[in-house]
Amino acid sequence: RGGRGRETRKMTRLASEEYPAYDSMVATLLDHKFLPEKEVLQLCERARTLISEESNVRSVRAPVTVVGDIHGQFHDMMEMFRMGGYAPDTNYLFLGDYVDRGYYSVETVTLVVALKVRYPDRVTIIRGNHESRQITQVYGFYDECMRKYGHVGIWKAFTDLFDYMPLTAVIENQIFCPHGGLSPSIDSLDDVRKIDRFQEVPHEGPVCDLVWSDPDDRTGWGMSPRGAGYTFGQDITEQFNHANGLKLIARAHQLVMEGYLWHHDQGLVTIFSAPNYCYRCGNQASIMEVSDDMTSEFLQFDPAPRRGEEQQSAKRCPDYFL
């Protein structure tokens, strides 16, 4: 068993002789070209062995740039990289929701995963509510995989990988980063660390709440209009931050018109990184740059210039909490 353990450890990270192949994958994807199916499957396998060893609360060092929902808006992600810098020169923490809604979920999630595998200490990825089999079958990723690769294999490889993604991250033990929000089942970061995350997002319980919950103006816990997770008030945020020695919760999951929005007396911030969401919402996007001294700055951006995308119009976008 010891031997097998060593083998696994050796395999999780790329060996230096593998760098050129993965550099070439990243370059191909940055050029908005497809990877051959064989390479995508290999990439998902390498990513799985790598992230399966990460904690449910992934520790992240500053400086780092925090990215909210992208939702398959590949050209806008390129705009974001042009503005915020490319990995590995910039460290990135992605808060999930790489897929669905936009037209380029395949290219978007493949690039994010390739960056993670190539630069494991510079790029952190966590799971959003859309990184799930059930949701991707409704909101576009499944159909897009079928259309672009002709069968279900690539969708299956990615949705299997999603089960291994860490649920949250914490920046310098001060900024807690879930995709969605808090949970009545969770009082401490240790509670999060104890969860068995390797499964499809359940319909209820702490994993569900971390990816589905939203902050609210009302105090306490409330029923979520989304039908999953909870709403939680300023009292809950303050209690959680105080009990865990945190100064801030940074999360994504909700469309906000300026790209970021403070809540709960600046105890929590929403970051949304898909500009003109669904190609029709008219919102700005933002990313949050956390510097060495733990100060935060928001960089806002508008959609990248489009090439023929508008003609497809937004009619394919279901209204599910736009």
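Being a predicted model, the structure only gives us computed values, none of them experimental. (Residues numbered from 1 in each chain as written. Predicted model: local features only at pLDDT ≥ 70, side-chain atom pairs only at ≥ 80, totals over all residues. Heavy atoms only, no water.)

### Side note on the overall build of the protein
Where we set the bar: Helical segments are the DSSP runs of H or I of at least four residues, strand segments are the runs of E of at least two, and each set is numbered from the N terminus. Throughout, radius of gyration means the C-alpha value; the globule benchmark is 2.2 Å times the number of residues raised to the power 0.38. In this scheme, a residue with accessible area under 20% of its type's maximum is buried, one over 50% is exposed, and one in between is partly exposed, where area comes from a 1.4 Å probe on protein chains only. Residue contacts are defined here by distance: any two heavy atoms, one from each residue, within 4.5 Å place the two residues in contact. Here the Shrake-Rupley method, with its probe set to 1.4 Å, supplies the accessible areas, and only the displayed protein chains count as covering residues. Only four residue types enter the tally: Lys and Arg on the positive side, Asp and Glu on the negative side, with His and both chain ends excluded. The location of each charge is read from NZ of Lys, CZ of Arg, CG of Asp or CD of Glu.
Along its length, the protein carries 11 helices and 14 strands. Against the globule reference of 20 Å for 322 residues, the protein gives a C-alpha radius of gyration of 19 Å, in line with a compact fold. Taking the principal axes of its C-alpha atoms as reference, the protein extends roughly 55 × 50 × 40 Å. Counting the 322 residues in the protein, one finds 57% classified as buried. In the protein, the share of contacts with a sequence separation of at least 24, taken over all contacts with a separation of at least 6, comes to 72%. Here the protein displays about 13700 Å² of accessible surface, and carbon together with sulfur accounts for 48% of that area. Looking at charge distribution, the protein has the averaged site of its 34 positive side-chain charges lying 7 Å from that of its 46 negative ones.

### Looking at the sheet that holds strand β4 (residues 123-125)
As a reminder, the rule being used: When DSSP finds two or more bridges between a pair of strands, those strands are recorded as paired. To get an axis, fit a line to the C-alpha atoms, keeping to the stretch in contact for a helix; angles then go from 0 to 180 degrees between the N-to-C directions.
Strand order in the open sheet made by the five strands is β4-β3-β2-β13-β14, with mixed pairing throughout. Of all strands in the sheet, those with a lone pairing partner are β4 and β14 (296-301), marking the two edges. Pairwise comparison of adjacent strand axes, ignoring direction, gives a mean angle of 20 degrees for this sheet. The pairing of strand β2 (residues 64-67) with strand β13 (residues 285-290) spans four bridges and is antiparallel. The residue of β13 that forms the bridge with V64 is V290. Against the sheet, helix α4 (residues 74-84) engages β2, β3 (92-94), β13 and β14, with an angle of about 135 degrees to β14. Across the sheet, helix α5 (residues 105-118) touches β3 and β4, and the angle it forms with β4 is around 130 degrees.

### Quick look at the pattern of salt bridges
Should their charged atoms come close, side chains of opposite charge can pair. Where we set the bar: Salt bridge, as used here: a side-chain nitrogen of Lys or Arg that lies within 4 Å of a carboxyl oxygen of Asp or Glu.
Evaluation of the coordinates by the stated rule reveals 21 salt bridges. Its salt-bridge partner being R58, residue E54 comes within 3.4 Å of it at the nearest N-O pair. Judged by its relative accessible area of 8%, E54 is buried. Each of R127, R133, K156, D160, D163 and E200 takes part in salt bridges that share partners, so that together they form one network.

### Things to note about the nonpolar core
Short version of the rule: Residues grouped as a nonpolar core are buried Ala, Val, Leu, Ile, Met, Phe, Trp, Tyr and Cys residues, joined through side-chain atoms within 4.5 Å.
With 51 residues, the main nonpolar core has F94 and F158 as its most contacted residues. When residues of this core are assigned to their parent elements, the largest contribution, eight residues, is made by α5. Not counting residues within four places of it along the chain, the set of residues in contact with F94 comprises V67, I70, M80, F81, V112, V123, T124, I125 and I126. Counting 20 residues, the second-largest nonpolar core is a separate cluster that includes A62, A169, A250 and M288.

### As for the packing of aromatic side chains
Going by this rule: Centres within 6.5 Å make a pair out of two Phe, Tyr or Trp rings, where for Trp the six-membered ring is used; the pair is then stacked when the planes are under 30 degrees apart, edge-to-face when over 60, and tilted otherwise. Counted as over-ring charges are cases with an Arg CZ or a Lys NZ within 6 Å of the ring centre that also lie within 35 degrees of the ring normal.
One pass over the full model with this rule turns up 17 aromatic pairs. Geometrically, the ring pair formed by F81 and Y92 is edge-to-face, given 5.4 Å between the ring centres and 85 degrees between the ring planes. Of the two residues, F81 sits in helix α4 while Y92 sits in strand β3, which places them 11 residues apart along the sequence. Judged on exposure class, the residue F81 and its partner Y92 are both buried. Taken together, F81, Y86, Y92, F94 and Y98 form an aromatic cluster joined through their ring pairs. Note that R48 overlies the ring of Y164, its terminal NZ or CZ placed 5.4 Å from the centroid.

### Remarks on the confidence of the model for the protein
Selection criterion: Per residue, pLDDT captures the predictor's confidence, and it can take any value from 0 to 100.
Residues with a pLDDT of 70 or more make up 92% of the protein, whose mean pLDDT is 93. Within the model, the stretch residues 310-322 combines pLDDT values under 50 with 28 contacts to residues more than four positions away or in other chains.

### Observations regarding unusual backbone geometry
Note the cis peptide between A62 and P63, where omega equals 0 degrees. With respect to the secondary-structure elements, P63 resides in the loop between β1 (57-60) and β2. In this structure, the amide linkage connecting A87 to the following residue, P88, adopts the cis form with an omega of 5 degrees. Mapped onto the fold, P88 is located in the loop between α4 and β3. Of note, the phi angle at Q266 is positive, near 65 degrees, even though the residue is not glycine. Structurally, Q266 can be placed in the loop between β11 (260-263) and β12 (268-271). Classification of Q266 by relative accessible area gives partly exposed; the value is 49%.

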